[in-house]
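In case you want the letters, here they are:
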Amino acid sequence: MQSTGGHPKYLLCEISFASPNGWQHVEEKKLHRSILEAIQKAHGDFGVACCAVSFAVKYLNTYTGILLLRCRKAHYRLLWSTLAFIHQLGKKETCAITCIHVGGTIRTCQKFLIGYNRQQLLRKLPTCKSEAERTALQEAVRSCTLQEDVVSASEEDSN
Amino acid sequence: MACHERMEDDSGKYERIVHKNGSSYHYLKISLEFEEDTSIRLNSAQFKQLIISSLKQLFGEIGAALPFDVLQFEENTLSAVLRVYNRDLVKVWSALTLLGSYQSEMCAFRVQQVSPFLLALCGNSRTLKLE
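Residues numbered from 1 in each chain as written. Chains lettered and ligands numbered in written order. Predicted model: local features only at pLDDT ≥ 70, side-chain atom pairs only at ≥ 80, totals over all residues. Heavy atoms only, no water.

An unreviewed UniProt entry annotates chain A as Ribonuclease P/MRP protein subunit POP5 of Erpetoichthys calabaricus. Of chain A, the UniProt comment under Sequence similarities (unreviewed entry) reads exactly: "Belongs to the eukaryotic/archaeal RNase P protein component 2 family." (UniProt positions renumbered as here; feature names shortened; annotations may be inferred.)

Structure representation (structure tokens):
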């Protein structure tokens, strides 16, 4: 039996801000609105109609700049191309959004994110200034795992 | 007798060439009609700008950047011949369909003919007059 609802695609993105205090103003609702406005500008009424139905900001981490967006499988490329046109959120902060992974479920995105974070931590290892920092970092890398009990994310919504 | 047969051999053959995508463009013959009899006149630049604004409303900046040409424009009848790429035909045609007004006057685009070949637009069996 095939489900008639649109299957979702999850876009794992990374936001980077020009100024370090751009992070205070970022919240999920504002981000949702800014992305829909950007779709309206880049792809017009057609784009908004395609994407807005099943579009949601699923996860936002202001410390690492990781953003997880959900949209329909048929139109995820529309959303992906719009991310390139976003250069400010709400007329204040200049930012850039890059998509680092596209997955079919939140779980696959999480698995990728763990590997990605580990890579980023390892990249910061040569810039460690003290030995204590270095050991703390190495411990963090070693403890990166997908915790089975915490994951509530094997949901695949169809709507 | 033998050479006659040889001649017959050559004359019986023919070659058939089929073009699947003969043209990379599509040509549209359109006209702009206003609901009431107004004295609004557009020149070709304003006409093209009207189509671009409809594309922008419907398909955004990316739609407004679709390349198309107004090959011919008649100011009196407000009719034109457009040329679009094959991949853009659906978008341009739907933008023409959904345009409703110009300078707060109700209007509509009528698409009279669409063809991948420009020559086909010069003759139309609808405009034939039968005696």
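> I'd like a description of the sheet that holds strand S1 (residues 25-34) of chain B, backed by residues and values.
All names here are of chain B. In space, the five strands of this open sheet follow the order S2-S3-S1-S5-S4, with antiparallel pairing throughout. Each end of this open sheet is capped by a strand with a single partner; those strands are strand S2 (68-74) and strand S4 (101-102). Two strands pair when backbone bridges link them, and S1 and strand S5 (residues 105-115) are joined in this way by eight bridges, in the antiparallel orientation. The residue bridging Ile30 from the neighbouring strand is Val111, located in S5. (Pairing = 2+ DSSP bridges. Helix = DSSP H or I, 4+ residues; strand = E, 2+ residues; numbered from the N terminus.)

> Hey, could you go over the packing of aromatic side chains for me, with residue numbers and the actual values?
All names here are of chain B. Within this structure, the stated rule accounts for seven aromatic pairs over all chains. Here the aromatic rings of Phe47 and Phe109 are separated by 5.6 Å at their centres, their planes lie at 80 degrees, and the arrangement is edge-to-face. With a gap of 62 residues between them, Phe47 in helix H2 (residues 44-64) and Phe109 in strand S5 connect regions that are remote in the sequence. By relative accessible area, which is 0% here, Phe47 ends up buried. Among the aromatic residues, those joined into a cluster by ring pairs are Tyr25, Tyr27 and Tyr85. A cation sits over an aromatic face here: Arg83 above Tyr25, 4.4 Å from the ring centre. (Phe/Tyr/Trp six-rings, centres within 6.5 Å; stacked < 30°, edge-to-face > 60°. Buried < 20%, exposed > 50% of the residue type's maximum accessible area, 1.4 Å probe, protein only. Lys NZ or Arg CZ within 6 Å of the ring centre and 35° of its normal.)

> An account of the pattern of salt bridges is needed here, citing residue identities and associated values.
All names here are of chain B. Going through the model one piece at a time under the given rule, you end up with four salt bridges over all chains. Across the salt bridge formed by Glu33 and Arg110, the nearest N and O atoms sit 3.1 Å from each other. Note that Glu33 is positioned in strand S1 and Arg110 in strand S5, a separation of 77 residues in sequence. Classification of Glu33 as partly exposed rests on a relative accessible area of 37%. Between Glu61 and Lys56 there is a salt bridge, and its shortest N-O distance comes to 3.6 Å. (Salt bridge = Lys/Arg side-chain N within 4 Å of Asp/Glu carboxyl O.)

> How would you explain the sheet that holds strand S4 (residues 88-89) of chain A if you had to name every residue and give the values?
Residue and element names in this part refer to chain A. Strand order in the open sheet formed by five strands is S2-S3-S1-S5-S4, with antiparallel pairing between adjacent strands. Looking at strand neighbours, the two that pair on one side only are strand S2 (56-61) and S4, the edges of this open sheet. Strand direction decides the pairing type here: strand S1 (residues 8-17) and strand S5 (residues 93-103), joined by eight bridges, are antiparallel. When the bridges of S5 are listed, Ile15 appears paired with Ile97.

> Which residues make up the nonpolar core, and what are the values?
Ranked by size, the top nonpolar core spans 27 residues in total, and within it Cys13(A), Ile15(A), Ile35(A), Leu67(A), Leu69(A), Leu79(A) and Ile86(A) carry the most contacts. Looking at this core, the elements that each hand over two or more residues are S1, helix H1 (28-51), S2, strand S3 (66-72), helix H2 (76-83) and S5 of chain A. At seven residues, the largest contribution of residues to this core is made by H1(A). Beyond its immediate sequence surroundings of up to four residues, Ile15(A) is in contact with Trp23(A), Leu31(A), Leu60(A), Gly65(A), Leu67(A), Cys95(A), Ala96(A) and Ile97(A). Grouped together as the second largest cluster of nonpolar side chains are 26 residues, Phe34(B), Ile40(B), Ala95(B) and Phe109(B) included. (Core = buried A, V, L, I, M, F, W, Y, C linked by side-chain atoms within 4.5 Å. Contact = heavy atoms within 4.5 Å.)

> Quick rundown of the environment of Gly65(A)? Include the residues and the values.
All names here are of chain A. Within the secondary structure layout, Gly65 lies in the loop between S2 and S3. Sequence spacing of Gly65 and Glu14 is 51 residues, and the spatial spacing of their C-alpha atoms is 5.4 Å. When near neighbours in sequence (up to four residues on either side) are disregarded, Gly65 contacts Cys13, Glu14, Ile15 and Trp23.

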